[in-house]
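Architecture and fold: a report
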Amino acid sequence: MRCARPLLLALLLGAGLFSPASAWGQDPRGPPAEQRSRGFRLDQNYPNPVNPETWIPFILEESLFEDGNPGIVTIRIVNVLRQLVAIPVAEDHPEGARVPVLELPYGTPGRKTAYWDGKDTAGRRVPSGVYYCQLVVNGQSLFRKMIVVTPRRRPSIVPWWTGTRDRSR
């Protein structure tokens, strides 16, 4: 058990080697220049590390709506292999609350928020590790690294002479 924490740390650091190219070198103090020129930004989720839920802020700038068309937004949570893990839901959208952010039209600029409960598409809690939030707006995408820390269950102490577990804890 003592080597579990250093092993987890080593796995998390090693997983960074598989980072999407756009996630490398992100400055936590502000968005990179490439995000400012696209008309949208993906801010860092909070809390990060995720345990067990998180909010994902993103900004749609006025320049995105200059042509009069809505911005089509998709947010995906992917693993280090870029496999789909989950689709967060919109917190405040004209179509209603808790709408999956999957090709969802946004007609107005401003700060928007998505919510992820830390579960995969099958409704199971995701294991601890490195994940990425991918924001796709009108076919262009940005990534942000997220770390999920799943709470550990403490084993109950079982007296050897009883042969049963104490389930009252």
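Placed above this text is the structure.
Residues numbered from 1 in each chain as written. Predicted model: local features only at pLDDT ≥ 70, side-chain atom pairs only at ≥ 80, totals over all residues. Heavy atoms only, no water.

The step from Tyr46 to Pro47 runs through a cis peptide bond, and the omega angle for that step is -10°. Mapped onto the elements, Pro47 comes out in the loop between strand 1 (40-42) and strand 2 (54-60). Backbone torsion omega between Asn48 and Pro49 reads 15°, so that peptide bond is classified as cis. Relative to the helices and strands, Pro49 is located in the loop between strand 1 and strand 2. One non-glycine residue, Glu103, lies in the positive phi region at around 50°. Among the structural elements, Glu103 can be located in the loop between strand 6 (99-100) and strand 7 (104-106). The backbone of Asn138 sits at a positive phi, close to 50°, despite the residue not being glycine. Within the secondary structure layout, Asn138 lies in the loop between strand 9 (129-137) and strand 10 (140-148). The exposure class assigned to Asn138 is partly exposed, which follows from its relative accessible area of 40%. (Helix = DSSP H or I, 4+ residues; strand = E, 2+ residues; numbered from the N terminus. Buried < 20%, exposed > 50% of the residue type's maximum accessible area, 1.4 Å probe, protein only.)

Among the structural elements, Thr54 can be located in strand 2. Given the relative accessible area of 0%, Thr54 is considered buried. For Thr54, the side chain forms a polar contact with the main-chain oxygen of Pro47, separated by 3.3 Å. Setting aside residues no more than four positions away along its own chain, Thr54 makes contact with Asn45, Tyr46, Pro47, Ala114, Tyr115, Trp116 and Met146. (Polar contact = N/O pair within 3.5 Å; in protein donor to acceptor, adjacent residues only side chain to side chain. Contact = heavy atoms within 4.5 Å.)

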